[in-house]
Amino acid sequence: MDGEMGILELTAVELGKKIKFGEVGVEEALEAVIERIQEREESLHCYVTLDLEGARAKARLLQKKLLNGEVSGPLAGVPFAVKDNLCTKGMRTTCGSKILKNFVPPYDATVVRNLESAGAFILGKTNLDEFGMGNTTERSFAGATRNPWDEERSAGGSSGGSAAAVASGECFAALGTDTGGSIRQPAAHCGLVGLKPTYGTVSRYGLIAYCSSMDQAGPITKDVRDCAAVMEAIASYDEKDATSLRREPLHLQSALTEGVSGLKIGIPKDYFEEKLQPEVEHAVRAAMKELEAQGAIVEEFELGLVRYAVPTYYTIACAEASSNLERYDGMKYGLREAGTGLHDTYRQTRAKGFGEEVKRRILLGTFALSEGYYEQYYLKAMKARRLIKNRFDEVFQTYDLLLGPAAPTTAPQLGSVGDDPVQAYLADVYTVPANLAGIPAMSLPCGRDAQGMPIGLQLMADRFQERTIFRAAATWEQVFGGFRQLRGSRRIDELGQLGGFGQFGGTRQHESKARWEEGMGQA
Ligand code: GLN
């Protein structure tokens, strides 16, 4: 390996193996990441909070524990990043919101705990759209995250900070959360693997609620094997989460070599409508053909109801958000803007603490739940959700797996979503159905467009059938390659210079830096 850049080329599991055999030290791996952070973080803005000294202390301790045989497993000693809506004891957790800018949780989310029990350690908290509401990571109080493949573009969202951190080498793997696509879509836009697990598989304890009936945490990684290892580490039954499910062990690693022979794969025609970028369609269809060549039975069919998914999702998500976000009143956590009395304090705190999109959704959600409108909006959306779920149940009687694009386009230019929220919501059309139905879904790389930007392939399976997804994902990855192959012969530190992309020029970098510092300065 050629020095530290060599280390950053490794996947999490490869690094774990080298650490185990003493070929790379835990502190050495961490220092490689820190050096990378020093080079790129100022322009990429993957993190809201970094605790490098804390990470160094954890690395030292872990190295000792490894030598004494007190920790083991594929992820032991691997530096991770965690989305900033997952609680970390003693480490600030902001949700990308001014209203929680000073919130330091007194406890760890169960996923964080599980990750640490597996011997991994966390060096920082990654940027997100405020409370997970968005799909570009531009709606954070701390400013936007940039895509390491092209810094003029969004890294996707809302887990854009986690995806950009993995893709740039600012960590080896990360956790995101997915309510309507926030793991899969940024993974797609950054050339990574992202999994939204079956609802209830990963504990929501300590995941700050946006839309509780759909929120799930999951891995964002460089390849399918890493995704399996992280998923096996974080999944657990948790009595602290009332929607947590008892499941058999997932056995994902063994799925990686099973192949796709005999699997029935359905291609929903509705996932290939006119808004789909032609290069995305082309790449997804190529993957479909390859899986067929590998022995899968592939068939197109009409899923139906897809056009109801976005309005159904946004009605329910806003309704739940309006209720979940009631707790931010300036009394218990975070920001307090003192007013002239109790109600004025609530008003001032919420007016100053929440961003524009969050306010919009609270208003829409409160409206949808209000007397006289409840039946017309919320109840109707719940009925539509049931129909969508029933339709998936029916479809999975015939197919083992559904295959389609993860997003209609590759990563958009920063700032291009602009002021039209409906336009932004429509970009979630391929991801929200899985959340409405509670089924597992993965995005993984399947090509690059003419500008060199990564394209994401989405695989969905019935509830509890993650193994089937991993069988197909590993088969495809073996043919196509993963993140490393996607970059061609380039090293991870050369991302952003692919296909003649320049690093963006002086003024914008400067502006963005000022905005970032302003965000951080408020902390
Ligand atoms: N883009 C969707 C939304 O804004 C999904 C976000 C998410 O999964 N957290 O609600």
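Here the structure is a predicted model, which means the values were calculated and not measured.

What counts and how
Residue positions within a chain follow its written sequence, with the count starting from 1. Totals for whole chains, interfaces and linings use every residue, but because this is a predicted model, local features are given only for residues with pLDDT of at least 70 and side-chain atom pairs only at 80 or more, for both listing and counting. Based on all heavy atoms of the structure, the side-chain values leave hydrogens and waters out of the count. Geometry of aromatic contacts follows a simple scheme: Phe, Tyr and Trp rings, the Trp one being its six-membered ring, pair when their centres are within 6.5 Å, and the pair is stacked under 30 degrees between planes, edge-to-face over 60, tilted otherwise. By definition, any uninterrupted DSSP run of H or I lasting at least four residues is a helix, any uninterrupted run of E lasting at least two residues is a strand, and each is numbered from the N terminus. Exposed residues in this analysis have more than 50% of their type's maximum accessible area, buried residues have under 20%, and partly exposed residues fall in between, with area computed by a 1.4 Å probe over protein chains only. One speaks of a salt bridge when a side-chain nitrogen belonging to Lys or Arg is within 4 Å of a carboxyl oxygen belonging to Asp or Glu. How far a helix is expected to stretch is found by multiplying one less than its residue total by 1.5 Å. In these notes, residues near a molecule or strand are those with any non-hydrogen atom within 4 Å of it. Two N or O atoms count as a polar contact when they lie within 3.5 Å, although within protein this holds only if one can serve as hydrogen donor and the other as acceptor, and sequence-adjacent residues are included solely when both atoms are side-chain atoms. Residues are grouped as follows: Ala, Val, Leu, Ile, Met, Phe, Trp, Tyr, Cys and Pro are nonpolar; Asp, Glu, Lys and Arg are charged; all remaining types, including Gly, are polar. Each direction from the helix axis to a C-beta atom contributes to the arc, which is the arc of those directions. In this scheme, strands are said to pair when DSSP sees at least two bridges between them. Between N-to-C directions, angles cover 0 to 180 degrees, with each direction set by a line fitted to C-alpha atoms, over the stretch in contact for helices. Here, residues are in contact when the closest pair of their heavy atoms is within 4.5 Å. For every residue, the predictor reports its confidence as pLDDT, a number between 0 and 100. Every crossover in which the path from the first strand over the helix to the second runs clockwise, viewed with the strands pointing away from the viewer, is termed right-handed.

Looking at this structure, I do not really get the packing of aromatic side chains. What am I missing?
In this description, an aromatic ring pair is defined by two values, namely the gap between the centres and the angle between the planes. If you walk through the whole model with that rule in mind, you get 17 aromatic pairs. Between Tyr-107 and Tyr-205, the ring centres sit 5.1 Å apart and the planes meet at 35 degrees, which makes this aromatic pair tilted. Residue Tyr-107 is located in the loop between strand E2 (79-83) and helix H5 (110-117), and its partner Tyr-205 is located in the loop between strand E7 (193-196) and strand E8 (216-221); the two are separated by 98 residues in the primary sequence. On the basis of relative accessibility, which here comes to 30%, the residue Tyr-107 falls in the partly exposed class. The interplanar angle of 45 degrees and the centroid separation of 5.2 Å between the aromatic rings of Phe-131 and Tyr-328 together place this pair among those described as tilted. Separated by 197 residues along the polypeptide, Phe-131 in the loop between strand E3 (121-126) and strand E4 (146-147) and Tyr-328 in the loop between helix H10 (306-324) and helix H11 (342-353) bring together distant segments of the chain. Through successive ring pairs, a cluster of aromatic residues spans Phe-103, Phe-131, Tyr-328, Tyr-333 and Phe-354.

What am I meant to see in the pattern of salt bridges here?
If charged atoms from side chains of opposite charge come close, those side chains can pair. In total, this model carries 25 salt bridges according to the counting rule given. The salt bridge involving Glu-14 is made with Arg-484; its shortest N-O contact spans 2.8 Å. One end of the pair, Glu-14, is in helix H2 (residues 12-20); the other, Arg-484, is in helix H17 (residues 483-486), with 470 residues separating them in the sequence. Residues Asp-393 and Arg-463 are paired through a salt bridge, measuring 3.5 Å at the closest nitrogen-oxygen approach. With Asp-393 in helix H13 (residues 375-398) and Arg-463 in the loop between strand E13 (454-461) and helix H16 (466-480), the pair connects residues that are 70 residues apart, well separated along the chain. With a relative accessible area of 22%, Asp-393 lands in the partly exposed category. Beyond isolated ion pairs, a larger network of salt bridges with shared partners links Arg-139, Glu-357, Arg-360 and Arg-361.

What is the right way to read H10 from this model?
Turn by turn, an α-helix covers 3.6 residues, leaving residues three or four places apart pointing in a common direction. Between its terminal C-alpha atoms H10 stretches 27 Å, which fits the 27 Å expected from 19 residues at 1.5 Å a residue. Buried residues dominate H10, accounting for 14 of its 19 residues.

Even after reading the chapter, I still don't get the site of the ligand, so can you show me in this structure?
Residues in contact with the ligand amount to 15 residues; listed here are only the nearest, Thr-179, Gly-180, Ser-182, Tyr-210 and Tyr-313. Within the backbone of Gly-134, an N or O atom sits 2.9 Å from an oxygen atom of the ligand. Residue Gly-180 places a main-chain N or O atom 2.6 Å away from an oxygen atom belonging to the ligand. Considered class by class, the residues forming the shell around the ligand number four nonpolar, eight polar and three charged.

Is there a simple way to think about H2 in this case?
For H2, the set of buried residues is Ala-12, Val-13, Leu-15, Gly-16 and Ile-19. Across the axial projection of H2, the buried residues extend over an arc of 160 degrees, all falling on one side. Phi turns positive, to about 75 degrees, at Gly-22, one or two residues after H2.

Mind showing me how you'd approach the sheet that holds strand E9 (residues 264-268) here?
Picture the strands of a sheet paired through backbone hydrogen bonds; they go either parallel or antiparallel. Strand order in the open sheet made by the eleven strands is E1-E3-E2-E6-E8-E7-E12-E13-E11-E9-E10, with mixed pairing throughout. Single-partner strands in this sheet number two, and they are strand E1 (47-50) and strand E10 (297-301). The average angle at which neighbouring strand axes cross in this sheet is 30 degrees, direction not considered. Relative to E13, strand E12 (residues 441-448) runs antiparallel, the two being bridged by seven bridges. By the bridge assignment for E13, Ala-441 is matched with Met-460. Relative to E8, helix H8 (residues 224-234) is tilted by about 150 degrees, and along the sheet it contacts E2, strand E6 (173-178), E7, E8 and E12.

What is the right way to look at the confidence of the model for the protein in this model?
Atomic detail in the predicted coordinates should be set aside for any region of low pLDDT. Scored by pLDDT, the protein has a mean of 92; 93% of the residues are at 70 or more. The low-confidence segment residues 1-5, where pLDDT is below 50, has twelve contacts with residues more than four positions distant or belonging to other chains. Long-range and interchain partners of residues 498-517, a stretch whose pLDDT sits below 50, account for 41 contacts in this model, where long-range means more than four residues apart.

I'm lost on the pairing of E3 in this one. Help?
Consecutive side chains along a regular strand alternate between the two faces of the sheet. Most of E3 sits inside the fold, with six of its six residues counted as buried. Across three bridges, the pairing between E1 and E3 is antiparallel. Bridge assignment links Thr-49 to a residue of E3, and that residue is Lys-125. For the crossover from E2 across H5 to E3, the handedness is right-handed.

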